[in-house]
Amino acid sequence: MNNVEFDYLKQVLYDRAGLVVTPEKGYLIESRLGPLARRSGIESVGSFIGEIRRTRNEVLLKQIIDAMTTNETLFFRDAWPFERLSKSLMPDVMEKAKTSRRIRIWSAACSSGQEPYSLAMTLAEMGPALNGWQVEIVATDISDGMLARAEAGRYSLFEVSRGLPDYMLRKYFVPESDGWRVKDELRQMIDFRNYNLLDDPYTSGMGSFDVIFCRNVLIYFDEATRKRVFTGLSKVMRPWGYLCLGGAETVVGISDAFRVLTGERGLFGLAR
C-alpha cells in the first residue's frame, strides 16, 4: 500500500468511525482487509483501497469500517458495572423515575451483544423489584454484521465460557448443536439499532436515557473525537442519569459536560 492509499484509508476511517490508524498498524490493515480484498477479486490491499478511492463504492466502504472495527467483548466484562447497576444505580433511578415508571438503558458500541445481554440478565435477576416498570435496553453498533450476530443471540462454547456464570447459562440460554442461544424472553428486552457514535444522538432520535454504558470504545478515539462523543451523550442523558465508562476511560480533562461521582470508579453524572 502506497502513501496515497494509506492516507485515503486513514481519512475514511477517521471521518466515518473516529478510528485513528498509524503506519505502524499496517499488519492490522493487511490482516483485516486482505480477506475482503480477495473476496472482491483483488489480490492486494493497496489495489483494493485504490479501487475504492476511485469508485467511492459505499458498500465496500461500509465493509471496510466493519472489518477495521475492534469487536473484543465478553459477558459481564469487569463484573463491577453490572453489580453497581443492580445494587445502587437501578434503585436510585427508580426513585427518580417513580412517576413515569419507565427506565431506558443504552449499550453503546455493543459489538456482538454480550454487554446488552449481560444488562438484560442483570435486570431479570432483580425479579419482582421491577414489576410494573417498563425497562428498555437500546443496543447500538456501527457494524451491521455485529448487530446481526447480536440480534440472533447465538454464541459458541468459547464465548459463553468467558464471563458468563454457569447458572445464568442454564437459566437464560438454550443449547444448540454448535453452542448456545439466548432465550427469546431475554432477546425481547433489547432493541438493536445501527448507530454511529460520531452522530448526534439527540438529532438522531435516540431519545433520553437513565443509564448509558459506553465502555471500552473511546480508547480507540483521539481526544477531539472523545469530546464530541461526550457532548452527544450528555444531550440524551436524563438529569439524574449515569454514564458508565471502561476502566481505562475518563471524562477528566476532556469534557466538562460530565462530573466525576465521589467514591465511584468509572461512573459519571451530568455536570451541574
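The shown structure was predicted, so the numbers you read here are calculated from the model rather than taken from an experiment.

### Brief notes about the side chain of Ser118
Part 1: The residue Ser118 is located in helix α6 (residues 114-124) in this model.
Part 2: Overall, the relative accessible area of 0% leaves Ser118 in the buried class.
Part 3: The contact partners of Ser118, leaving out residues within four places of it in the chain, are Phe75, Phe76 and Phe82.

### Brief notes about the sheet that holds strand β8 (residues 237-245)
Part 1: A sheet is described by the order of its strands in space; here seven strands give the open sequence β6-β2-β1-β7-β8-β10-β9, paired in mixed fashion. Of all strands in the sheet, those with a lone pairing partner are β6 (190-194) and β9 (258-260), marking the two edges. The sheet shows a mean angle of 25° between the axes of neighbouring strands, direction not considered.
Part 2: Direction of pairing for strand β2 (residues 134-141) relative to β6: parallel, over a ladder of five bridges. Within the sheet, the bridge partner assigned to Thr140 lies in β6 and is Arg193.
Part 3: Running at roughly 180° to β8, helix α5 (residues 80-96) makes contact with β1 (102-107), β7 (209-214), β8 and β10 (267-270) of the sheet.

The rules we used
- Residues numbered from 1 in each chain as written.
- Predicted model: local features only at pLDDT ≥ 70, side-chain atom pairs only at ≥ 80, totals over all residues.
- Heavy atoms only, no water.
- Helix = DSSP H or I, 4+ residues; strand = E, 2+ residues; numbered from the N terminus.
- Buried < 20%, exposed > 50% of the residue type's maximum accessible area, 1.4 Å probe, protein only.
- Contact = heavy atoms within 4.5 Å.
- Pairing = 2+ DSSP bridges.
- Axes fitted to C-alpha atoms, helices over the stretch in contact; angles between N-to-C directions.

From the geometry alone we can't say anything about function, so treat these as descriptive.
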